[in-house]
Amino acid sequence: MSVVSSHYRVSPELAQQLGKVAVLLGGNSAERDVSLKSGGAVLEALLSAGVDAQAIDIKGSPLDCLKRVEFDRAFIALHGRGGEDGTIQGLLECLDIPYTGSGVMASALAMDKLRTKYLWQGVGLPTPPFVSLDCGEVDDHYFESIVARLGLPLSVKPAREGSSIGIKKARTLEELIEAYSEAIEFDAQVLIEKWIEGPEFTVAVLDGKALPVVGLSTNHIFYDYDAKYLADDTHYYLPSGLSEEKEQEIAKLSELACESVGCKGWARVDVMQDSHGEFWLLEVNTSPGMTDHSLVPMAAKHAGITFEELVVRILEDTIAVPKLLGSL
Ligand SMILES: Nc1ncnc2c1ncn2[C@@H]1O[C@H](COP(=O)(O)OP(=O)(O)OP(=O)(O)O)[C@@H](O)[C@H]1O
Ligand SMILES: [Mg+2]
């Protein structure tokens, strides 16, 4: 399905300023397939808007892939490790090529859900209580002590994955042990956190400001890979169904969540709401999905921003603003 819906074209001046744009897609992570879709949609939108763009499939050595083509700036449509975790960002910094989204530090931090949660705790932002486990500490008594401390159910997830890969809801001690042994296959660090029953929301943040909040519901146990990319019965609520006051609260919380991590350009924050109406931050995505099912384009559309305009706005951030030397 095409994402292009408008006749939006960039001005010839902007097209010239943007120069040759490489859309980095694919990648070597477990989210490769999703990234191919995101990148394909971004490329289609840029071409339709009159931007000189081409795709680079990052497969194998990223440096070799980047060296094959000449370009002036990069739109990063990669997801997960190797694309959203600061490594490709560092490579582009070394090559002196401007790129979309967060820099090295924020990308690396946001990829690591555990350390993001430490940071949010440190600045007083709400995130579900948790413990982390690495592959060295497996002992049944330890799992019992986790249940004693956090209760049940629990969410068990690899600390550095995306698209719900490796995530399970554990309702019993046995399920917890099983979920841990599955999650540890994806990452050497596993995050176990208190399960928040929901509802669930996601908030796109564009240039530091929240777009309209999207509410989500699924018949699956949670918003898993199938519910995200395949199912037709996932429901998206725009407007979110929250009161005006709550919508503002979650918007502010999401903006602070991004600011504290040091995100730049754009990001998407995933948030649960408990039965008392309190919000809990799950994670921030620094290179969110851009497929035709994706949530940032959905929120942007509700705010009157077409897919092409959104893509160009994210890309425009890569045009350097002259730095002021000293203070005025
Ligand atoms: N503590 C929790 N309580 C309730 N549900 C949770 C919890 N943690 C995760 N979930 C469910 O699992 C889904 C995926 O979790 P999370 O956003 O942390 O992982 P992800 O794989 O990085 O997601 P993304 O695709 O957004 O990158 C959430 O959208 C939510 O439905
Ligand atoms: Mg998520």
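Structure shown above.
Residues numbered from 1 in each chain as written. Chains lettered and ligands numbered in written order. Predicted model: local features only at pLDDT ≥ 70, side-chain atom pairs only at ≥ 80, totals over all residues. Heavy atoms only, no water.

## A short note on helix α6 (residues 113-122)
Given 3.6 residues per turn, any residue in an α-helix points the same way as the ones three and four places further on.
Right, on to step 1. Listed as buried for α6 are Lys113, Leu114, Thr116, Lys117 and Trp120. For α6, the angular spread of buried residues about the axis comes to 160°, placing them on one side.
Right, on to step 2. On its buried side, α6 packs onto α5 (104-111), β4 (130-134), β5 (154-158), β7 (189-194), α10 (244-261) and β13 (279-285).
Right, on to step 3. One side-chain oxygen of the residue at the start of α6 lies 3.1 Å from the amide nitrogen of leucine 114, identifying that residue as aspartate 112. (Buried < 20%, exposed > 50% of the residue type's maximum accessible area, 1.4 Å probe, protein only. Helix = DSSP H or I, 4+ residues; strand = E, 2+ residues; numbered from the N terminus. Arc of directions from axis to C-beta. Contact = heavy atoms within 4.5 Å. Polar contact = N/O pair within 3.5 Å; in protein donor to acceptor, adjacent residues only side chain to side chain.)

## Quick notes on the coordination of the magnesium ion (ligand 2)
Right, on to step 1. The coordination sphere of the magnesium ion (ligand 2), as far as protein atoms go, consists of Asp270 (OD) and Glu283 (OE), spread over 2.0 Å. Taken together, the residues aspartate 270 in strand β12 (residues 266-273) and glutamate 283 in strand β13 connect sequence positions 13 residues apart. For the pair aspartate 270 and glutamate 283, a shared accessibility class is recorded, and that class is buried. (Donors = N, O, S within 2.8 Å, 3.2 Å for Na, K, Ca; no water.)

## Structural notes on the packing of aromatic side chains
Right, on to step 1. Applying the stated rule across the entire model yields 6 aromatic pairs.
Right, on to step 2. Taking the centre distance of 5.9 Å and the plane angle of 75° together, the rings of tryptophan 195 and phenylalanine 222 count as edge-to-face. Here tryptophan 195, found in the loop between β7 and β8 (200-206), pairs with phenylalanine 222, found in the loop between β10 (214-217) and α9 (225-229); they are 27 residues apart in sequence, far enough to count as distant. The same class applies to tryptophan 195 as to phenylalanine 222, namely buried. (Phe/Tyr/Trp six-rings, centres within 6.5 Å; stacked < 30°, edge-to-face > 60°.)

## Focus: the sheet that holds β4
Across a sheet, paired strands are connected by hydrogen bonds in the backbone, their directions being either parallel or antiparallel.
Right, on to step 1. Spatially, the 4 strands line up as an open sheet ordered β4-β7-β5-β6, and their pairing is antiparallel. Since the sheet does not close on itself, it has two edges, and those belong to β4 and β6 (168-170), each with one partner. Looking at each pair of strands side by side, their axes are set apart by 25° on average, direction ignored.
Right, on to step 2. One ladder, built from 3 bridges, connects β5 with β6; its direction is antiparallel. By the bridge assignment, serine 155 is partnered in β6 with lysine 169.
Right, on to step 3. Strands in contact with helix α8 (residues 173-183) are β4, β5, β6 and β7; relative to β5, the strand with the most contacts, it is inclined by about 15°. (Pairing = 2+ DSSP bridges. Axes fitted to C-alpha atoms, helices over the stretch in contact; angles between N-to-C directions.)

## With respect to the side chain of lysine 246
Right, on to step 1. Mapped onto the secondary structure, lysine 246 falls in helix α10.
Right, on to step 2. Within the local environment of lysine 246, its side chain forms a polar contact with the side chain of glutamate 249, the two groups lying 3.1 Å apart.
Right, on to step 3. Among residues more than four places away in sequence, those in contact with lysine 246 are Gln273, Gly277 and Phe279.

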